[in-house]
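Analysis of the macromolecular model
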Amino acid sequence: MKHLLKLADLSREEILSVLNLADQLKYERAKGVDQSGYLKGKKLGMIFTKSSTRTRVSFEVGMYELGGYALFLSDRDLQIGRGEPVEDTARVLSRMLDGIMIRTFAQKEVEDLAKYGSIPVINGLTDYCHPCQVLADLMTIREYKGTFKGLKLCFIGDGNNMANSLMVGAVKTGMKFSIACPKGYEPDAALTAWAKKEGDFFMTEDPAEAAKDADAVYTDVWASMGQEGEKAKREKAFKGFCVNKEVMAAAKKDAVVLHCLPAHRGEEIEADVFEAHAKEIFDEAENRLHAQKAVLCKLLK
Ligand code: CP
Ligand code: NVA
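The text that follows walks through the structure, step by step, so that each part is easy to find.

A word on the packing of aromatic side chains. Counted by the stated rule, this structure contains seven aromatic pairs. Here the aromatic rings of F48 and F72 are separated by 5.4 Å at their centres, their planes lie at 35 degrees, and the arrangement is tilted. Separated by 24 residues along the polypeptide, F48 in strand β1 (residues 43-48) and F72 in strand β2 (residues 69-74) bring together distant segments of the chain. Ring pairs connect the aromatic residues Y185, W222, F238 and F241, which therefore count as one cluster. Above the ring of F105, the side-chain terminus of K50 is found at 4.5 Å from the ring centroid. When the ring centre of F72 is taken as origin, the NZ or CZ atom of R56, which lies over that ring, is 3.7 Å away.

Written as structure tokens, this is what we have:
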């Protein structure tokens, strides 16, 4: 593993190895084990061209706990925001840092950083995918269910970056994957074709049908970062694509509900369902820290 640009680049074994390390790091942290030797003196640059709570804090705290240092680099301050080419930024940062985490719009920008730089690059979310989040999601599912074998993961809502990465994560770990989304808001076509070929994949426009016998029900916002202008149009298109009691009645009785957050109660998830499953959702958020530390150890050590 040289970079984490998208989950599809990782083998099943590599994914499981990250998850195992994340479990170990979580266990050690709970026991008060000093982890500051793992990445002693390593420096991570964190480029953000979009907002973030969980991704920024998990990587920044993660680097601190592992004995390294994290620099928060907003595009409002970087020369990249004034048009300095990615290929130049990549080569400069490669001479001073040990790794780069980037959250941005275009997947190509992330791929170019890796192409022109000489240090590991981690995708902290693009319009195309969100691999770091899905590693934490897989970790959470395994924590609650003990295995991936025989499980069904269901996604309700927009075929966005989360749907794209979850689909890959489910297929690679051997889970069934079902998705309910409105017409015109399906996940990436090439990934869908891949998932149909490689895994047990099902797509519908009916949320209850997708949720049938699911072990985990996942949802995300109707309008992602950068789509604020489409809010009204999307509210109309996604009406009914809400994780509510009816949808949960179709899932298994002991199904977990996951949400990458931030959540919009009354839109993609009903407030009561959110609160009934808050334990899982905030365990999932905490697991960002452990999963991101595992990624950092794999790439920067
Ligand atoms: N889930 C997630 O990536 O959260 P942030 O946008 O707060 O980083
Ligand atoms: N789909 C959301 C995920 C946020 C973590 C977005 O891109 O805004």
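In this section: the site of ligand 1. In the neighbourhood of ligand 1, the contacting residues comprise S52, T53, R54, T55, R103, H130, Q133, C260, L261 and R288. Here C260 contributes a backbone N or O atom positioned 2.8 Å from a nitrogen atom of ligand 1. Surface burial for ligand 1 is 95%, taken as the share of its 250 Å² of free accessible area covered by protein chains. Among the residues making up the shell around ligand 1, the classes are represented as two nonpolar, five polar and three charged.

So, on to the site of ligand 2. Lining the immediate surroundings of ligand 2 are L125, N160, N161, D220, V221, S224, M225 and L261. N161 is positioned such that a nitrogen or oxygen atom in its side chain is 2.8 Å from an oxygen atom of ligand 2. For ligand 2, an oxygen atom lies 2.8 Å from a polar atom in the backbone of M225. Looking at side-chain class alone, the shell around ligand 2 contains four nonpolar, three polar and one charged residues.

Attention shifts here to the sheet that holds strand β6 (residues 176-180). Adjacent strands of a sheet form backbone hydrogen bonds with each other and so pair up, either parallel or antiparallel. Reading across from one edge, β7-β6-β5-β8-β9 is the order of the five strands in this open sheet, with parallel pairing throughout. Only two strands of the sheet have a single partner each, and these edge strands are β7 (201-204) and β9 (256-259). Averaged over all neighbouring strand pairs, the angle between strand axes comes to 20 degrees, with direction disregarded. With four bridges connecting them, strand β8 (residues 216-219) and β9 associate as parallel partners. Bridging across to β9, T219 finds its partner in H259. Sheet contacts for helix α5 (residues 131-145): β5 (152-156), β8 and β9; angle to β9, the most-contacted strand, approximately 165 degrees.

The buried count for β1 comes to five of six residues, which makes it a mostly enclosed element. Sheet topology places β1 next to β2; six bridges connect them, and they run parallel. If you follow I47 over to β2, its bridge partner there is L73. Alignment of β1 against strand β3 (residues 99-103), held across five bridges, turns out to be parallel. Across the sheet, residue F48 finds its bridge partner in β3, namely R103.

All right, on to the sheet that holds β2 then. With parallel pairing, the four strands of this open sheet are ordered in space as β2-β1-β3-β4. Edge positions in the sheet fall to β2 and β4 (121-123), since each of these pairs with one other strand and no more. The sheet shows a mean angle of 20 degrees between the axes of neighbouring strands, taken without regard to direction. Here three bridges tie β3 to β4, and the two strands are oriented parallel to one another. Along β4, the bridge assignment pairs M101 with I122.

Rules and cut-offs
- Once a new chain begins, its residue numbering starts again from 1 and follows that chain's sequence as written.
- Starting at A for chains and at 1 for ligands, labels are handed out in the order in which the entities are written.
- A pLDDT threshold of at least 70 governs which residues receive local features in this predicted model, and a stricter bar of 80 or more applies before side-chain atom pairs are shown or counted, although totals over entire chains, interfaces and linings include all residues.
- Think of the side-chain values as coming from all heavy atoms in the structure, minus any hydrogens and water.
- Centres within 6.5 Å make a pair out of two Phe, Tyr or Trp rings, where for Trp the six-membered ring is used; the pair is then stacked when the planes are under 30 degrees apart, edge-to-face when over 60, and tilted otherwise.
- A run of H or I in DSSP becomes a helix once it reaches four residues, and a run of E becomes a strand once it reaches two; helices and strands are each numbered from the N terminus.
- Two conditions define a charge sitting above a ring: the NZ of Lys or the CZ of Arg must be within 6 Å of the ring centre, and it must be within 35 degrees of the ring normal.
- The cutoff for a nearby residue is simple: one of its non-hydrogen atoms must lie within 4 Å of the molecule or strand.
- Counted as a polar contact is a pair of N or O atoms within 3.5 Å, where, for protein atoms, one must be capable of donating a hydrogen and the other of accepting one, and residues adjacent in sequence contribute only when both atoms are in side chains.
- Only the protein chains shown count as cover for residues, and all accessible areas are computed by the Shrake-Rupley method using a 1.4 Å probe.
- Residue polarity is assigned by list, with Asp, Glu, Lys and Arg as charged and Ala, Val, Leu, Ile, Met, Phe, Trp, Tyr, Cys and Pro as nonpolar; anything else, Gly included, falls into the polar class.
- By the convention used here, strands pair only if DSSP detects at least 2 bridges between them.
- Fitted lines through C-alpha atoms serve as axes, helices being fitted only where they are in contact, and the angles separating the N-to-C directions of these axes extend from 0 to 180 degrees.
- By definition in these notes, contact holds between two residues if any of their heavy atoms fall within 4.5 Å.
- Exposed residues in this analysis have more than 50% of their type's maximum accessible area, buried residues have under 20%, and partly exposed residues fall in between, with area computed by a 1.4 Å probe over protein chains only.

By themselves, these are just geometric observations and shouldn't be taken as functional.
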